[in-house]
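Chain and residue survey
What follows is the residue order along each chain.
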Amino acid sequence: MALKKSFIVLILCLALLSAALAACSNGGEESAVPSGTQSDLSGTAADAFPYEGNFEGQTVRILTVSSDRHLYGEQQFVADEELSGNVINDAVAERNNLIEQLYGLTIKVDSAQYPSEEMQNYFLSGDARYDLVCESVDRMVTQVSENHYWSLDDLLNLEDPWWDQRSVDILSLDGTKHFFVSGDGMLTNVDHIYLTLFNKDLYDTNADVKAEFGDLYEMVENGTFTLDNFYAISRAVSVADENGDWGIDATFGNLSHAYGATIMVNGAGMGMVEKDGQGGLTVTVGTQRGIDVFQKVYDLMSNKNVTQRAELIAGQGPNPSTYGFAELEYMFVNGHGLFYNTTVSSISILKNSSAERNFEFGVLPIPKYDEAQDEYYCAVNRYQSSVLGIPTTNTDNLEATTFLMNALGYYNTHMPSGKTVMDAYYETTLKLQATDTDEDARMLDIIFDSAFYDLGSIFTWGTLSGLYGSVISNDADNTLVSSWQQIESAVTAAMEETVRQYRESIT
């Protein structure tokens, strides 16, 4: 996903927009915008919005995740009229106004904590209440077998640049049917990609470590931010507390959680389940490559003197939590952790913490497996990262719905004023830090371009998704092979049944 951080000032486009608005106020013509104006308004001739349409008076109704579950659930689609001075909100309002002016199309949004569950009733009754659904990827994919969502292959050009091509590829189990998309038209996808935050103060105070490994941003750029170096740095900064204990008051190189083992494996560009190139799926965990990758991850994640995991300290912090994530945040903010394995959304959460403590943190991707690896891979949070799907109850508003999906994807990164939603998201995300650095902006570029979808985690298939986490809980022995053998037949059967249902889906 290409997110542009620099504002684009197009004087000619502004002039044309003024002319278009003037035309809209005169003559009562059928189209609000003169013929041919759309391309002129939407960017340069080389990358103008390629679709035309007149949907005067039509509305696309979206059911999305509620704001109490995700900060941008509703705001990514419609602006809050009572919220002023918020750059994302203002950018969304400007984008929607432009889409309505150019194409006559408006957006109506309702929200639910779990939209996929609410949609079940509408599917059963045939109620066409919503045209588009935005929900977490793990909840959406499980409804394909129920024929609840249209295949998008005849509705969208999935090669358009605003669609995330990794999601297009991986989320199609057979390579021919695509039911869900992710891309530039959303915020609830990018805000829940895993990354590595690092405590700049803690790194700077470990002068010997910094002298040996150098600038962490440069390591990423040079391709040397690998699991081996990550582990070496983590070991070097880890120190027991004053009583010699390795609890919440000790200092760890790596703050993570059980599922962090899967995220680290994904960082090697390897999913627990991958497409085999012949229309089928294969499980990687028992392959030699899978074993080799996991061994490095196991060494890091099972070492309780280097990695502090959330589940080990749950309920021990000043604000005790059920799962230990509040404790990890407490440790990171208070200088008890160098690397923090979390999602992009945590940058927002840490705003108040950083203000209180006045500490600086930086942004890095998930480390590579080794230097031979060409790219970084940052897994999406399956519980939160969203995709879009068109419910099969939408039979009368398909053209307007698909047009809006394309328009959101395009205009989130192309606006005549240069004030795009994605620019605003960058500005907001980075300015929440103690310092706003060009290095962190570059790292976010890498992270957003590295979104990785692991089919084994998303579909779960029995107990597969929790396999790595259960193995690292045994810090005495790496039992991956034997643990996999115990569940192999059940996982394989469940996976094959999913593929069968997917192929037989009629939508």
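It should be noted that the structure appears before, not after, this text.
Notes on the structure in this doc start here. (Residues numbered from 1 in each chain as written. Predicted model: local features only at pLDDT ≥ 70, side-chain atom pairs only at ≥ 80, totals over all residues. Heavy atoms only, no water.)

**What about the pairing of strand E5 (residues 252–256)?**
- The buried fraction of E5 is high, at 5 of 5 residues.
- In the sheet, E5 pairs with strand E9 (residues 337–343) via 3 bridges, with the strands oriented parallel. Bridge pairing in E9 links Leu255 to Tyr340.
- Where E5 meets strand E8 (residues 307–309), 3 bridges bridge the pair, whose relative direction is parallel. Opposite Asn254, over in E8, you have Thr307 as the bridge partner. (Buried < 20%, exposed > 50% of the residue type's maximum accessible area, 1.4 Å probe, protein only. Helix = DSSP H or I, 4+ residues; strand = E, 2+ residues; numbered from the N terminus. Pairing = 2+ DSSP bridges.)

**Points about the pattern of salt bridges**
- Evaluated as defined, the whole model comprises 16 salt bridges.
- Across the pair Lys296 and Asp228 runs a salt bridge whose closest N-O atoms are separated by 3.0 Å. With a gap of 68 residues between them, Lys296 in helix H12 (residues 288–301) and Asp228 in helix H10 (residues 227–237) connect regions that are remote in the sequence.
- Its salt-bridge partner being Arg309, residue Glu311 comes within 2.7 Å of it at the nearest N-O pair.
- A residue is classified by how much of its surface remains accessible, and Glu311, at 34% relative accessible area, is partly exposed.
- Bridged by salt links that share partners, the residues Glu497, Arg500 and Glu504 form one connected network. (Salt bridge = Lys/Arg side-chain N within 4 Å of Asp/Glu carboxyl O.)

**Brief notes about the pairing of strand E3 (residues 132–136)**
- Taken across its 5 residues, E3 has 5 buried, putting it largely inside the fold.
- As judged from the 2 bridges shared by strand E1 (residues 58–65) and E3, these two strands associate in the parallel manner. Bridge pairing in E3 places Leu63 opposite Val133.
- Relative to strand E12 (residues 386–389), E3 runs antiparallel, the two being bridged by 4 bridges. Considered in E12, the bridge of Glu135 is made with Val387.

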